[in-house]
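One letter stands for each residue in the lines below.
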Amino acid sequence: MSQKSEARWTATVLVSPAVLVLVLLNIFPIAFAVYISLRHWSLASPNPPRFAGDFNFAELLVDDRFFNSLWVSGTFVTLGVVIQLLLGFALAFVFNSKLRGLDTLRRLSLLPIMTMPLVVGLVWFYMLNENFGVINWFVTLFGSERLPFLTERTLAMLSIVLADVWQWTPFVTLVIFAALQSLPEYVFEAGRMDGLTEREIFFRITLPMLRPAIIVVLIIRAIDAFRMIELIFMMTKGGPGGATEVLPWYIYTTGFLSLDLGYAAAMAVTMIILVTLAAQVFVRQIADPGKN
Amino acid sequence: MSAATLSDTGAVHRFRFGDYARYLGAAVFVGFCLFPFYMIVSTSVKPESDIFSFPPSWVFDITFENYHSALFVFGGSGVLPFLINSIIITAASTVLAVGLGSMAAYGLTRFKVVAGDHLFFFILSTRFAPPVAFIVPLYLMMQRFGLLDTHFALVAIYTSMNLSLVVWVIRGFFEAIPIEIEEAAQIDGYSRWQIFTKVALPLVKPGLITTSILSAILAWNEFLIATVITQSSSATLPVYLSSFSGSMGLEWGPYMAVGVMGVLPIMIFTLVLQRHLVRGLTFGAVR
């Protein structure tokens, strides 16, 4: 066998299994979802699936529940990610100071990232229980009445955000901390020699150099928060009255409780489009970290 | 600890107000992070009478009754068969994802593959596909091929979900290998395939370990697709745990014991992976 044909053969053997798996279980399902979304396809109906044109998509545009779920998702993602970024950013600077013992504390704070999201929902559901939850015990210590954390609209949303902040703030801290550690010391020394104050060093040197890391963590967090469903499943089931019905929960219940697969697929396709737009920014950041 | 400590330069560094504020901030945050774990573990060893007490009981007789009932009794069969399913599916999908992923990463790094760059970005973009968008087509596909409630279906799906992570992280490691090492092996008469398995792969061992652990975490923790694709015979621990949601009034002890079993294996992994964690979690965007 010639060298060139051996190289071609090896490259094919190396790359094609992964591509095959991705085409079968990523590309094909997306195409199939588009196909399903263009049909009346209900497991609850005795009729076989039939072509529906843009019926499901037209339905979306007049569905208040769909717009509510977009609004709820937007609120959850915005609140959660903003709090995580601010808190995580501040804590990265705390952990970056060279004080004894802080590294052990930092490592301990990583544990929530690894926790099964369903268990996160379970334990916060337990702790936020109106009657015997430990959070309500803290609340009564401060002299207030027990609060209906999971059954009042605003409180329910804030409870979900709290559980998400608990799980993912350490992730933001971890990434920003790693970026801080990788900044070369001489840049700061040069700044000091030029007579910059600590404040000027922060805004003119540190912050601009952290920018790529901040953008990366912001996009990863936003996209992952947008797909979150476990906390809803364990804590509120979308309630009370749709106050925590995020888009993934609406898709899941439409498909597997109402069994309206066509409509669920139409929402899924919409969601993929929204996520793809956001992911473009991330991909560009990774492909070309210098720019942007 | 004394009020003075040695700083990096060896000079005596006196604690200032800001240092105490930092310790306080870090301690409060770590307390916030650890408290729910305390609640999971303590509730799992509480006698039933202490679980619903308000104010919460901080002192109680430790019992392992909840673990016994969680493993063998709770919900009919106990968690044991689901735990075994979780282990099988996690192990198989991790080996497959890391195996196929590192092959593809090597192929795309070292060979001129048609549209290689586009392939890379295509593979990366699959990381962002929201699982909920796939449940309807995947369900119908698995139903069509008679694969509902099989280990195979979940293994295949988790493999595909982890491929993007593996390819992207391992690629960074392969690129760091000097090409001269591989050229030397070629002169020694190694075939291309042998260079991959005997020279390149051993050099990226840290990357293989990192991606194995991250892939295992995803497969172990995944809930949504598992709950749609499986019913009972190949259902995983999260599916078992979720099946009580909504009807849970009383059984908090066994419930939390299942929670401990769902979290503990990953906690052990976490201790191992520290060093390469960031690179893996951000696709090498932050090193």
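Residues numbered from 1 in each chain as written. Chains lettered and ligands numbered in written order. Predicted model: local features only at pLDDT ≥ 70, side-chain atom pairs only at ≥ 80, totals over all residues.

**Points about the overall build of chain B**
In plain terms, the rule: Numbering of helices and strands starts at the N terminus; helices are DSSP runs of H or I of at least 4 residues and strands are runs of E of at least 2. Any residue surrounded by 20 or more other C-beta atoms within 10 Å of its C-beta is treated as buried, while 12 or fewer makes it exposed and the intermediate range makes it partly exposed; C-beta atoms here are placed from the backbone. Whether two residues are in contact is decided by their C-beta atoms, placed from the backbone, lying within 7 Å.
Secondary structure summary: chain B contains 14 helices and two strands in total. The buried share of chain B, reckoned over its 287 residues, is 46%. Partitioning the intrachain contacts of chain B with sequence separation of at least 6 by distance along the chain shows that 74% fall at a separation of at least 24.

**Looking at the overall build of chain A**
What counts, and what does not: Radius of gyration: C-alpha atoms only; globule rule: 2.2 Å multiplied by the number of residues to the exponent 0.38.
What chain A contains, in helices and strands, is 13 helices and two strands. For 292 residues, the compact-globule estimate of 2.2 N^0.38 gives 19 Å, and the C-alpha radius of gyration of chain A, at 24 Å, exceeds that figure by more than 25%. The dimensions of chain A, computed from C-alpha atoms along their principal axes, are 80 × 75 × 35 Å. Burial statistics for chain A: of 292 residues in total, 42% are counted as buried. Across chain A, contacts joining residues at least 24 apart in sequence account for 71% of those joining residues at least 6 apart.

**Some details on the interface of chain B and chain A**
Stated formally: Residues are sorted three ways: Asp, Glu, Lys and Arg are charged, Ala, Val, Leu, Ile, Met, Phe, Trp, Tyr, Cys and Pro are nonpolar, and all the rest, Gly among them, are polar.
Between chain B and chain A, the residue contacts involve 82 residues of the former and 83 residues of the latter. The dominant element in the side of chain B that touches chain A, judged by the number of residues it contributes, is helix 1 (residues 17–44) of chain B, at 15 residues. By residue class, the composition of the side of chain B that touches chain A is 60 nonpolar, 17 polar and five charged.

**Let's talk about the nonpolar core**
Nonpolar side chains in soluble globular proteins generally cluster together in the buried interior. Applied cut-off: As used throughout, a nonpolar core is a set of buried Ala, Val, Leu, Ile, Met, Phe, Trp, Tyr and Cys residues joined through C-beta atoms within 7 Å of each other. Delimitation of the domains relies on an automatic or database domain assignment.
Of all hydrophobic cores here, the largest spans 167 residues; its most connected members are Ala18, Met267 and Ala268 of chain A together with Ile135 and Val136 of chain B. The dominant element in this core, judged by the number of residues it contributes, is helix 7 (residues 151–175) of chain B, at 16 residues. Of the domains in this structure, domain 1 (4–68) and domain 2 (80–281) of chain B are the two that each give at least three residues to this core. If we ignore the near neighbours within four places in the chain, the residues touching Ala268 of chain A are Ala33 and Ile251 of chain A together with Val132, Ala133 and Val136 of chain B.

**Observations concerning the environment of Val139 of chain A**
Residue and element names in this part refer to chain A. Residue position: Val139 is located in helix 7 (residues 134–141). Once the C-alpha coordinates of Val139 and Leu183 are considered, the two residues, 44 residues apart in sequence, prove to be 42 Å apart. Setting aside anything within four residues of it in sequence, one finds Val139 in contact with Ser144, Arg146 and Leu147.

**Let's talk about the domain arrangement of chain B**
Residues and elements named next belong to chain B. Segmentation of chain B into domains returns domain 1 (4–68) and domain 2 (80–281). Between domain 1 and domain 2, the residue contacts involve nine residues of the former and seven residues of the latter. Only helix 1, helix 2 (48–51) and helix 3 (65–72) provide two or more residues apiece to the side of domain 1 that touches domain 2.

**Structural notes on the environment of Phe177 of chain A**
All names here are of chain A. The topology assignment puts Phe177 in helix 8 (residues 153–182). In this structure Phe177 comes out as buried when scored by C-beta crowding, with 23 C-beta atoms within 10 Å. As a C-alpha pair, Phe177 and Val94 span 83 residues in sequence and 9.2 Å in three-dimensional space. Not counting chain neighbours up to four residues away, the residues in contact with Phe177 comprise Ala92, Phe95 and Asn96.

**Focus on the packing of helix 7 of chain B against helix 10 (residues 205–221) of chain B**
Residue and element names in this part refer to chain B. Heads up, the condition is: Orientation is described by lines fitted to C-alpha atoms, with helices fitted over the stretch in contact, and by angles between N-to-C directions that extend from 0 to 180 degrees. Just so you know how the angles are binned, under 35 degrees is roughly parallel, over 145 roughly antiparallel, 65 to 115 roughly perpendicular, and the rest oblique. When the near helix sits turned anticlockwise from the far one by under a right angle, the crossing is termed left-handed; a clockwise turn instead gives a right-handed crossing.
Two elements in contact, helix 7 and helix 10, have axes whose closest approach is 10 Å; the angle formed by their N-to-C orientations is 155°. Considered as vectors, helix 7 and helix 10 are oriented roughly antiparallel to each other. Of the two possible hands of crossing, helix 7 and helix 10 adopt the one that is right-handed. Between helix 7 and helix 10, the contacting residues are Tyr158, Met161, Asn162, Leu165, Val166, Val169, Ile170 and Phe173 on the first element and Gly207, Thr210, Thr211, Leu214, Ser215, Leu218 and Ala219 on the second.

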